[in-house]
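Structure assessment
Listed here are the chains, written in short residue letters.
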Amino acid sequence: MRLIMNRLFIIFSTLAAVVGLFFLGWILYTLCAKGLAGLSLQVFTHDLIDGGLRNVIVGQLIMSGVATIIGIPVGMMAGIYLQEYGGNSKLTEFIRDLSDVMMSAPSIVVGTFVYAIIVIPTGHTSGWAGVLALFILMVPIIVRTTDDMLKLVPIELREAGMAIGASKYHVTMNIVIRYAREGIMTGILLAFARVVGETAPLLYTSGSSEFWSTDLTSTFPSLTVSIYNLATMPDEEMVQLGWTGAFLLTAMVLIINLIGRYANNKQRR
Amino acid sequence: MELIFKKLAQISASLLFVILAATTIVLYLSAKPAIQEFGAGFLFESRWGVEETKNVSEVVPNQELVVDGEDADDFMEDEDDFIDDEDFVTDDDTESETNDSEIIYGALVPIIGTIFSTLIAMLFSIPIAMGIAVFLSEIASATLAKPISIAIELLASIPSIIYGMWGLFYFGPFIADIFGGNTVSLLVAGLVLGVMVIPFMAALSRDAIGTVPDMLKESAYAMGATKLEVIKDVVFPYAKSGIIGSIILSFGRALGETMAVAFVIGGVYQFVGKVTDPTNSIPVVLANSFAESSGLSLSVLFYLALVLFVMSFMVIVVAKHYLLRRK
Amino acid sequence: MKNMMDVQDLTFTYSGAPAPSLQNISLPVEKNKVTALIGPSGCGKSTLLRAMNRIHDLYPGHQYDGVINLLDSDKKGYTDILTLKSEAEMIRLRQRVGMIFQKPTPFPMTIFENIAYGLRLSGVKKRAALQDVVEQSLHDAALWNEVKDRLNDDARGLSGGQQQRLCIARAIALKPEVILFDEPTSALDPISTLAIEEMISELREKYSICIVTHNMQQAARISDYTGFMYLGEMIEYGQTDNIFMKPSKKQTEDYISGRFG
Ligand SMILES: Nc1ncnc2c1ncn2[C@@H]1O[C@H](COP(=O)(O)OP(=O)(O)OP(=O)(O)O)[C@@H](O)[C@H]1O
Ligand SMILES: [Mg+2]
């Protein structure tokens, strides 16, 4: 009886794994089959208005990139504060909690917030609004990574630095951060991969444009928003372009993830 | 330098607080007109954007309001405000016949849709994700487990819009073939959400199970326990808080998810009679209606966003509670 | 026939390892005696011990060669445990050959349930029967007085030494014939160590014991026989007094006098 139950259980777990992997494989298969079918050079050389994706891909990267560039110093400084200056006070714990709450806030809610403070006052969607939304989503992730990575730095290293008379600033920047550098880099890459695939917070902050644009003060081209729009159009060709965009987006996210993972493994060795 | 550095760090940390506080305040202020107009009854009202004529009989809407009031005993005061407003509006309306109607908004349909799609997602994903976690950490050999683990983690990073598209074009029709009904429905939305959180939940649960010391498992095997017994009696209890934490975090993800659901839930304001009917969820309402809203209808959307924010806040508080107990 | 177990010419190779970790090992475990295994770190003591209840088999691919005989329950003959295949036989083997690990491993349940666990697995349901065994086992493990008022507390709340005695009580609740100890006191303070040593000496009356230890005084104090292992081989085996007083091999002498390891 026990042995039969055990057998059944093992079969069930294995089956569950197979079912789960089956769905995920199905998605990837669909994505490749549909996405590759529409992949051509034109996708990269033409803008959305001409049946390509050049402007929206660049737009998505610009918005995520700018959000990351602003997010890195803010997130890292906040993480440094938590580990190096905060001590074990109630305040640091509170800020950690806040960061976790922010991290789990639905991204569409962040979108509504940005809509209220930027889009309504200025009267139109803009690249900066999209950047702000992505920034808000990104900061808590960077805070968390920095916090976690600095936690791994041995106390002795800090003490040794202080003991030779270095200032806290020096110890932090030159010893502690250097020690945790790869880990933090990985975290930032993963955070970038995370926001680059965001759609909901961009829907009505950046909107999306069919034309080439690098002007963040006006409506900005977005790959993810365009995918959403394309996929829900009746026109077969548009839907196809949507799949191609989806494929490229996923490929991008997965590659960034792999790079981050690789860097992290190298550091551990 | 030293001082500037410290100040900057402090400012960055406080920025977190500022952003969160600002979000709450801005959402509240933007939602205020709607909150004043509909009060907490909003949460229990099932109509959306329906014109309600006042001059047919003044008594009818008020009766309904009282019924609503009973639904929400705790919020009686708000309801009273509501009734006052109504009376006020009605007074005004006596002057012109054309304007004597008012548009009613209620959140009940998307709230129910959100909760039910999330519950379906959990029912579907928990057994599968636990199966995967157990398979990876206790059944598969290391050579098999490692690549699958990496694959699972990578899959957890796929943008949710991809799940939505797949749901719309492939999974929805597949489900409709099996269960009948629409290719977009509460059921499809729930299952797509489920598929979406599987890798996330499985990866977190596997990490939690990974914290169980080998020696502990071996000592259970050394007493003649079978694999099932070791997992049931030793591994799960030991990793309990981590596993529950992973489930709650996944729940939170599914609750606030927009894109995976937007494609497949249907986006219509109706209660579901069957799970295969289309309905709506809060994030989807927000995603679909912002562009064309203004005035009160916009304020209503902010009210909805606030409701969602509070719901996800409660989820994270519960999750923290569980994860903290591990320490 | 006084050997409870008899390892003969055992060669063991870990899955994927280029060379065997144990080479032609022979070791008798005499009935109602304590047999100690000593030797420098990495010489294969744990590997040998873990072969004796085949806990190695939890992980696939390891390779055994040779014979490990275990006296049948009816005391009439021996069975080579390396020939066991079915899961049921493995479970039975592990119930007959108990094992205590380097660190205490209390299960995440109450003290009572920890000890009743093995019995419940083998189908004992009656509370009264369980109660008797739990009490008896705790007495045997010299823990009863300390925990009798808190049987329903989580076992992880006990001190390290108490936890280790709990694990011993848990093992003897199954009435095994052999108990294997792998450095049971290496994670404990001297007082807890002493308590466990005393207990092992007493357990000898009912069980046959094989213990791995790094502490030579401990081996000398509690064991009747000692085997000295080095680089996967059994260098010397004999009565503990002989091994410690007049070892016949140079390596043994060096090790015992602390010249290496
Ligand atoms: N799972 C494994 N796979 C491959 N080789 C292993 C494995 N476990 C142990 N070994 C090798 O087998 C040899 C014996 O290890 P074992 O753990 O039995 O030593 P030990 O005598 O118990 O040492 P210690 O006193 O440190 O506990 C070592 O060389 C070790 O590297
Ligand atoms: Mg060992």
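Below or above, wherever it landed, is the structure these notes cover. (Residues numbered from 1 in each chain as written. Chains lettered and ligands numbered in written order. Predicted model: local features only at pLDDT ≥ 70, side-chain atom pairs only at ≥ 80, totals over all residues. Heavy atoms only, no water.)

Concerning the overall build of chain A
Along its length, chain A carries 10 helices and zero strands. Element order for chain A, N to C, with α for helix and β for strand: α-α-α-α-α-α-α-α-α-α. Dimensions of chain A along its principal axes, counting C-alpha atoms only, are 70 × 70 × 35 Å. With 269 residues in all, chain A has 55% of them scored as buried. Intrachain contacts of chain A at a sequence separation of at least 6 include 74% that bridge at least 24 residues. A total accessible area of about 11,700 Å² is found for chain A, and carbon and sulfur atoms account for 67% of it. Each charge sign in chain A was given a centre, from 17 positive and 17 negative side chains, and these centres are 14 Å apart. (Helix = DSSP H or I, 4+ residues; strand = E, 2+ residues; numbered from the N terminus. Buried < 20%, exposed > 50% of the residue type's maximum accessible area, 1.4 Å probe, protein only. Contact = heavy atoms within 4.5 Å. Areas by Shrake-Rupley, 256 points an atom, 1.4 Å probe, with all protein chains shown as cover. Lys, Arg positive; Asp, Glu negative; His and termini not counted. Charge placed at Lys NZ, Arg CZ, Asp CG, Glu CD.)

Some words on a nonpolar patch on the surface
Together, Met1, Ile4, Met5 and Leu8 of chain A give the surface a local cluster of nonpolar side chains, amounting to about 450 Å² of exposed area. As for its placement among the helices and strands, Leu8 of chain A is situated in helix α1 (residues 2–37). (Patch = residues over 30% accessible without salt bridge, like charges linked within 9 Å, V, L, I, M, F, W, Y side chains within 5 Å. Salt bridge = Lys/Arg side-chain N within 4 Å of Asp/Glu carboxyl O.)

So, the interface of chain C and chain B
Across the boundary between the two partners, chain C contributes 24 residues, which contact 18 residues of chain B. Between chain C and chain B, roughly 1,800 Å² of surface is buried when both sides are summed, and carbon and sulfur atoms account for 70% of that area. For chain C, the biggest contributors to the area lost against chain B are Pro108, Tyr117 and Leu121 of chain C; these three give 26% of the whole. The tally of links from chain C across to chain B stands at one salt bridge. Here Arg50 of chain C makes a salt bridge to Glu218 of chain B, at a shortest N to O gap of 2.8 Å. Secondary-structure elements contributing two or more residues to the side of chain C that touches chain B are α2 (87–96), β6 (97–100) and α3 (111–121) of chain C. Considered class by class, the residues forming the side of chain C that touches chain B number 14 nonpolar, five polar and five charged. (Buried area = accessible area lost by both parts, 1.4 Å probe. Nonpolar A, V, L, I, M, F, W, Y, C, P; charged D, E, K, R; others polar.)

A word on the environment of Thr240 of chain C
Residue and element names in this part refer to chain C. Checked against the element boundaries, Thr240 lands in helix α9 (residues 240–245). Distance in space between the C-alpha atoms of Thr240 and Ala142 is 26 Å, their sequence separation being 98 residues. If sequence neighbours within four positions are ignored, Thr240 has contacts with Ala219, Ala220, Ser223, Asp224, Tyr225 and Thr226. Within the structure, Thr240 has its side chain in polar contact with the backbone nitrogen of Tyr225 (distance 3.1 Å). (Polar contact = N/O pair within 3.5 Å; in protein donor to acceptor, adjacent residues only side chain to side chain.)

Details of the sheet that holds strand β4 (residues 63–71) of chain C
All names here are of chain C. Taking strand neighbours across the sheet as the criterion, the four strands line up as β2-β1-β4-β5 in an open arrangement whose pairing is antiparallel. Looking at the sheet topology across the chains shown, the edges are occupied by β2 (22–30) and β5 (78–80). The sheet shows a mean angle of 10° between the axes of neighbouring strands, taken without regard to direction. In the sheet, strand β1 (residues 3–13) pairs with β2 via six bridges, with the strands oriented antiparallel. For Asn3, the partnering residue across the bridge sits in β2 and is Glu30. Packing against the sheet, helix α1 (residues 45–52) makes contact with β1, β2 and β4, and its axis sits at approximately 120° to β1. (Pairing = 2+ DSSP bridges. Axes fitted to C-alpha atoms, helices over the stretch in contact; angles between N-to-C directions.)

Structural notes on the sheet that holds strand β10 (residues 233–239) of chain C
Residue and element names in this part refer to chain C. If you walk across this open sheet you meet the six strands as β6-β7-β8-β3-β9-β10, and the pairing is mixed. Edge positions in the sheet fall to β6 and β10, since each has one partner strand and no second. In this sheet, adjacent strand axes meet at a mean angle of 15° when their direction is disregarded. When strand β3 (residues 34–38) meets strand β8 (residues 208–212), the two strands line up parallel, connected through four bridges. What sits directly across from Ala36, in β8, is Ile211. In the packing of α1 onto the sheet, contacts are made with β3, β6, β7 (178–182), β8, β9 (225–230) and β10, and the angle to β7 comes to roughly 155°. On the sheet, α2 packs against β6 and β7 and is oriented at approximately 65° with respect to β6.

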